[in-house]
Amino acid sequence: LYWTAPFGGGAAGTYELWGQATLANNEALFDGGRRLAGLGHVNVFWSVSPAVFFQVGGSVVGGDNPDSSLATVVYGADFRLTWRPPAAALYHSFTLRGEAYMNRRKQRGAVQHYSGAYVSAQYQVSRRLFAGTRFDWVEPLAVPDRHTWAIVPVLTWWQSEWVYLRLEWQHQRDALLAG
């Protein structure tokens, strides 16, 4: 289901709401359960100026698997800030975006929390060339009280929305391998 609020616009923002029922068969979240899970997302978008756009959102997904006495709820928050000057929109832009989540698992009375996040920045150098970087951080389910992080610089040559070449490098510290 999708709904756009009939109020707002301009400085008041545009509000969107999504709702979805899906099968909770994800192995990591629900231990392969076969019941329904619910997903909801709210999104707010503001045109701050002719060159600056800001978006913020929040998500929640939840479900359970009675076969393994597991109940899972994942909360998420995201944002995006874009600068694209109207006079040079084909040649210059900057986007900063990020997302964070928290996974709450309750199994046989024990509650565990896992979280993760990423933040990325991208600058448009010319009409077809973009440079950026991303930082990822996550607490894996398999390794409590440890985290994995990565830094990923990216250079993209963009021909169209569907065709681009990307050169990227990743430096990662993996919680599963770290001592």
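Everything discussed here concerns the structure shown above.
These lines cover the structure that appears in this document, whether it is placed above or below. (Residues numbered from 1 in each chain as written. Predicted model: local features only at pLDDT ≥ 70, side-chain atom pairs only at ≥ 80, totals over all residues. Heavy atoms only, no water.)

## Describing the side chain of Asp78
Counting through the fold element by element, Asp78 comes out in strand β5 (residues 70-83). Comment: no salt bridge for buried Asp78; closest opposite-charge side chain is Arg80, at 9.3 Å. In contact with Asp78, other than residues within four places in its own chain, are His41, Asn43, Gln55, Val56, Gly57, Gly58, Gly98 and Glu99. (Helix = DSSP H or I, 4+ residues; strand = E, 2+ residues; numbered from the N terminus. Buried < 20%, exposed > 50% of the residue type's maximum accessible area, 1.4 Å probe, protein only. Lys, Arg positive; Asp, Glu negative; His and termini not counted. Salt bridge = Lys/Arg side-chain N within 4 Å of Asp/Glu carboxyl O. Contact = heavy atoms within 4.5 Å.)

## Observations regarding the packing of aromatic side chains
Inspection of the entire model under this criterion finds five aromatic pairs. Geometrically, the ring pair formed by Trp46 and Phe54 is stacked, given 5.8 Å between the ring centres and 20° between the ring planes. You can call Phe54 partly exposed: its relative accessible area is 29%. Taking the centre distance of 6.4 Å and the plane angle of 25° together, the rings of Phe135 and Trp149 count as stacked. Of this pair, Phe135 sits in strand β8 (residues 129-138) while Trp149 is found in strand β9 (residues 148-158), placing the two residues 14 residues apart along the sequence. Given a relative accessible area of 34%, Phe135 falls into the partly exposed group. (Phe/Tyr/Trp six-rings, centres within 6.5 Å; stacked < 30°, edge-to-face > 60°.)

## Structural notes on the pairing of strand β7 (residues 110-124)
When strand β6 (residues 94-107) meets β7, the two strands line up antiparallel, connected through 14 bridges. Counterpart to Gly98 in the pairing with β7 is Val119. Count of turn residues in the β6/β7 antiparallel hairpin: two residues, of which Arg108 carries a positive phi of about 50°. Where β7 hands over to β8, the hairpin turn is made up of four residues, counted between the paired strands. (Pairing = 2+ DSSP bridges.)

## Comments concerning the side chain of Asn103
One can find Asn103 in strand β6. Each residue touching Asn103, except ones within four places of it in the same chain, is listed here: Leu29, Thr72, Val73, Val74, Gln112, His113, Tyr114 and Leu141.

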